[in-house]
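What the coordinates show
Listed below are the residues making up each chain.
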Amino acid sequence: MSVRSPDVPARHRYGELMSSSPLIARGELLDALVSAVHDAAERSTFIVVDGAAGVGKTAVLRELAAHLDSSEPRTSLRRVSAVPWETNRPWEIARQCFPAIDTSDAESLPERIAESFAPATLTAVFIDDAQDSDADSLRALASTVRRYRESKIAVVCTRRILPAGNIDSHDVLDRAADTRFVVEPLQNDHVAGLAAIQGVILSPSSAAHLTAHTGGRPKQVLALLRELPSHMWTGVRPELPAPEYVQAAVRAALSESSADTVRLVRAVAVLDGARPLATACAVAEIDVPYPAVDPAEALGLVVVRRRSGITLLECPDGMIRAAVLATMSRTCVADVHRAAAEAEADPADRLAHRAEATPLPEQHMADELETLAAECARTGEWANAARLFMLSSRASSKPGLREDRLVRGVDALIGAGDVRGASDYIAEIESLHETPSRNAVLGYLAILRGRPQEADARLTRAWQLVRTRHEHDVAAVICHRQVLHNLARCDGHSLVLWADRAVELVGADHPTAVEAQAIRGLGLAGTGRVSEALASYDDLWGHAGTGAVGQRVQMGAGWLHLATDSVELARAELEAAAPTDFLGGSTRIALWANAWLARTYFVTGEWDAALRIVGLSSDLADSSGAALIVPLLQWTAMQIHALRGDWDAAASSSRRGDSGARDYEIMRIPTALGRAAIAEARADYAGVLRALSPLTAQWAQADVSEPGFWAWPDVYANALVVEGRLDEADAFLAPHEARVAERGHRSAHARLACARGRWHGATGDLVSARASFEDALDSLVPLPLVYDRARVNYAYGQTLRRAGKRREADVVISAAREDYLSLGATTYVRRCDRELKAGGVHATLKDRPHNALTPQEDAVSSLVATGLSNREVAAELFLSVKTVQFHLTRVYAKLGVRSRSELAAARATETTPS
């Protein structure tokens, strides 16, 4: 029996499990499926819906059927479910769908199926678990859809994706599919919502733990919520079991297996994670592996992978692993751990297995674990350090040592980026005797959770308690946490002071000092000491080496190089810092690296790559609890979605990346920039000024206004100009221009020169405007900044067109349009088209009626007809409000209308096809 398709008792079938619970997070998918089925009224279609076992495909299909039954156009619906024991019965699904049709003549079957449907009626055929359908029926239905596209047929098939990612289905589904949808696993907040419906309130950490354990599959989530007592969901993460139906399926599968296969499966479960085949066989005491491996894989008890030429085995998911462990006695588990301690090559893994096999405190082992954990911490391997410190705490017989090692274990969890895991221990840590380390770890946790006031209080108290003359290591750790705290506060001066203090305490080669120095360069640059900052990273490589500590240095150097226009170097460093699959790599550092790598891809025009990184990293930030980094990630997504005109996605990113006045500055700044980007894309320049106004306050006059890090002054100045606040724009630009000139920052100079060109144009000084725009374009020549170049050309062209230089404007705006088109920035492609049309260079003037609209009047009237106010039209076309009113008056006279509503109706009539 395969655990992929367990013979589950009726009370555990998915439909009944889900029947009392509404679908969670499936609204967009259902809308898309309803639309796809309704499209079959125009052209028959074959739809495939993929998803892992238990992810909710059947529930989605049931909800789709309910919607089709109650909506227009009315749909004739036929529903069947395939089962594995009928896979090899020819035409079985066809006979169930069309019992009155003779299936003996395969060639004419598609024609007879099409004829069986009521004329002019939309017909939907639903096949659940189509991977178990017979191939003949699928081919017949696929041929029916292909040959009779006008017959209003929609075939919708669900199929199961295996845990390893392969699709257990007939090739015909791939060939037949016109459209493919995927039912994605639930995210943490969705699981929390599903639990709340069941009357279980989950903390964010518990929701993340349950999501990870179940793979976000509603069937397993609901089963565990109903089977486990409520106290299981409080406190530190429990060892969650598998649902009863999974345990039953695993027991049945193991009962069919040989002794070697059982030992192998148990070894893989205890080893936990992808382990080499040789290691698993050594633990299971198997000399000839494949007779044991092949059945285990066929039964779905292990997954076989290849990586770098090595065969790896692991459990398909946490459910299967928990179910396998449930078949083993404690003695059996301990015996396998002892065997694993002999087979593993890595010292940390060997010692961890020894500890897992030892249920009682053992001080000598606890000391060994602490020593090895400290060594992992010194090299920045925080995930290993956390595991070993926690085991050391558990093995310690002395309360003081047990508490100290627990604190160090939680600190290492935070260092590894597992903020949610660390948060589980807050109550326990707070109950301990107050020490500098206790306060430092609580402050560290507050930083990553985005709580500056709490972090400041905790770290201040830690520094008051530490004896700097005697506790150098602890004091240096507090200094490092202050470095991170001040990085998030965008306070470069304080950051450098604390980093230097850490070096004074423990020396430049100490790992804590190296981590502090990996950030110190950003503080130097934030205070204008850019050359010194760049030199500091060159020096730091000699102290950092490679591996986990090197990851920190690469992230910091990449961030700085992006800010100083060394874009290609930044890309290489950030791409190297982003992965976490090397030894000890930190999720926390990877998130920072990915946030700035997404910005790198944004400025170079690789927007699809940027969105992919943001999506994956945002999910990782949510699951790890690293709230501090979420707004920085979402800033890029907000900007791209707005520039592409995807307003719903932009709004969603804005909500996800929201922050408030009590949050860290490094959260508030990208939130403001993202909101400003959305407002600017909508030509809402008053909204731009509102979004960016916090950055004009005194707190933002130092690091936040340093050239290169946050590109906002030019956006603010541009909005002031468009809003007609020219004196304010001039006064605002002057100090920023002076600072950029002093720093010699090329891209910041180009952006401000563009804004200054706007200002000159608005004051009527076209000669100076030309000079500023040309200066901006010249500054961008050696830089791969596609978006900035498009932005300068667009502003330049608008200024030329407003000054009456329409032919020149046409050339420049066409260049901007080409760049915007390459980026997929449809919002600005449309604006360029309106500018080109308003310029009228390519308009046909000969024989034009006297009452025909000029290109400028046409542009104004088309925008007014969409509901924009005169002020909004003026901002969109870079005209004065008086000019818009002048054109609108002439439009009313020419079209014979008296109001904006009549104009909208007239324009709509013009664009309606006859």
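For clarity, every value in this text was computed on a predicted model and none was experimentally measured.

The next point concerns helix H39 (residues 746-762). With 17 residues, H39 extends 24 Å between its outermost C-alpha atoms, agreeing within 8% with the 24 Å of an ideal straight helix rising 1.5 Å per residue. Along H39, 13 of the 17 residues are buried, which leaves the element largely enclosed by surrounding structure. Of the residues one or two after H39, Gly 764 is the one with positive phi, at around 90°.

Here we take up the side chain of His 485. Within the secondary structure, His 485 sits in helix H25 (residues 472-488). Within the structure, the side chain of His 485 is placed 2.7 Å from the side chain of Tyr 664, a separation counted as a polar contact.

With that out of the way, let us pick up unusual backbone geometry. For Ala 25, which is not glycine, the phi torsion reads 60° and is therefore positive. Inspection of the secondary structure puts Ala 25 in the loop between helix H1 (14-19) and helix H2 (27-39). In this structure, Asp 565 takes a positive phi of about 75° despite not being glycine. Here Asp 565 shows up in the loop between helix H29 (547-563) and helix H30 (567-577). Residue classification places Asp 565 among the buried residues on the basis of a relative accessible area of 14%.

It is worth spelling out the sheet that holds strand S7 (residues 303-307) at this point. Ordered by their spatial adjacency, three strands build an open sheet running S6-S8-S7, and the pairing between neighbours is antiparallel. What marks the edges here is a single partner per strand, and that holds for strand S6 (275-276) and S7. As judged from the five bridges shared by S7 and strand S8 (residues 310-314), these two strands associate in the antiparallel manner. Note on S8: the bridge partner recorded for Arg 305 is Leu 312.

For helix H15 (residues 318-326), the set of buried residues is Met 319, Ile 320, Ala 322, Ala 323 and Val 324. For H15, the elements touching its buried residues are helix H9 (204-214), helix H10 (218-227), helix H11 (244-255) and helix H12 (259-271). One side-chain oxygen at the N-terminal end of H15 lies 2.9 Å from the backbone nitrogen of Met 319; it belongs to Asp 317.

What follows concerns the packing of H12 against H15. The contact between H12 and H15 brings their axes to 9 Å, and the two run at 115°. Seen along the crossing, H12 lies across H15 with a hand that is left-handed. Along its contact with H12, which presents Val 265, Arg 266, Ala 269 and Val 270, the element H15 presents Arg 321, Val 324 and Leu 325. Its residues assigned to classes, the contact of H12 with H15 comprises five nonpolar, no polar and two charged.

Moving on, we get to the packing of aromatic side chains. Tallied over the entire structure, the rule returns 16 aromatic pairs. Note on Trp 463 and Trp 498: the rings are 5.1 Å apart at their centroids and 90° apart in plane angle, and the pair reads as edge-to-face. Linking Trp 463 in helix H24 (residues 452-465) with Trp 498 in helix H26 (residues 492-506), this pair joins segments that are 35 residues apart in sequence. Owing to a relative accessible area of 25%, Trp 463 belongs among the partly exposed residues under this scheme. Arranged with centres 4.8 Å apart and planes meeting at 15°, the rings of Phe 773 and Tyr 796 form a pair that is stacked. Taken as a pair, Phe 773 in helix H40 (residues 766-780) and Tyr 796 in helix H41 (residues 786-802) lie far apart in primary sequence, 23 residues in all. Taken as a pair, Phe 773 and Tyr 796 share a single burial class, namely buried. When the ring centre of Trp 635 is taken as origin, the NZ or CZ atom of Arg 599, which lies over that ring, is 3.6 Å away.

With that settled, the discussion passes to the nonpolar core. Ile 666, Trp 710 and Tyr 820 are the most contacted members of the largest nonpolar core, which has 172 residues in total. With eleven residues, helix H31 (residues 587-604) is the single largest residue contributor to this core. Residue contacts for Tyr 820: discarding those within four places in its chain leaves Tyr 787, Ala 790, Arg 791, Tyr 794, Ala 825, Tyr 828, Val 829 and Cys 832. With 54 residues, the next largest nonpolar core counts Val 200, Leu 240, Tyr 245 and Ala 323 among its residues.

Here we come to the confidence of the model for the protein. For residues with low pLDDT, the predicted coordinates do not support detailed interpretation. Per-residue pLDDT for the protein averages 89, and the proportion of residues at 70 or more is 91%. Low pLDDT, under 50, characterises residues 4-20; the predicted model gives this stretch 38 contacts beyond four residues in sequence or across chains. This model gives residues 843-847 a pLDDT under 50, and the stretch forms one contact once residues within four places in sequence are excluded.

Here we take up the sheet that holds strand S1 (residues 45-52). If you walk across this open sheet you meet the five strands as S2-S3-S4-S1-S5, and the pairing is parallel. The sheet is open, and its two borders are formed by strand S2 (75-81) and strand S5 (179-182), each paired with just one other strand. With strand direction ignored, the average angle separating the axes of adjacent strands in the sheet is 20°. Where S2 lies against strand S3 (residues 122-128), seven bridges are found, and the strand directions are parallel.

Thresholds applied
Residues numbered from 1 in each chain as written. Predicted model: local features only at pLDDT ≥ 70, side-chain atom pairs only at ≥ 80, totals over all residues. Heavy atoms only, no water. Helix = DSSP H or I, 4+ residues; strand = E, 2+ residues; numbered from the N terminus. Expected span 1.5 Å × (residues − 1). Buried < 20%, exposed > 50% of the residue type's maximum accessible area, 1.4 Å probe, protein only. Polar contact = N/O pair within 3.5 Å; in protein donor to acceptor, adjacent residues only side chain to side chain. Pairing = 2+ DSSP bridges. Contact = heavy atoms within 4.5 Å. Axes fitted to C-alpha atoms, helices over the stretch in contact; angles between N-to-C directions. Left-handed = near helix turned anticlockwise from the far one by under 90°. Nonpolar A, V, L, I, M, F, W, Y, C, P; charged D, E, K, R; others polar. Phe/Tyr/Trp six-rings, centres within 6.5 Å; stacked < 30°, edge-to-face > 60°. Lys NZ or Arg CZ within 6 Å of the ring centre and 35° of its normal. Core = buried A, V, L, I, M, F, W, Y, C linked by side-chain atoms within 4.5 Å. pLDDT = per-residue confidence, 0-100.

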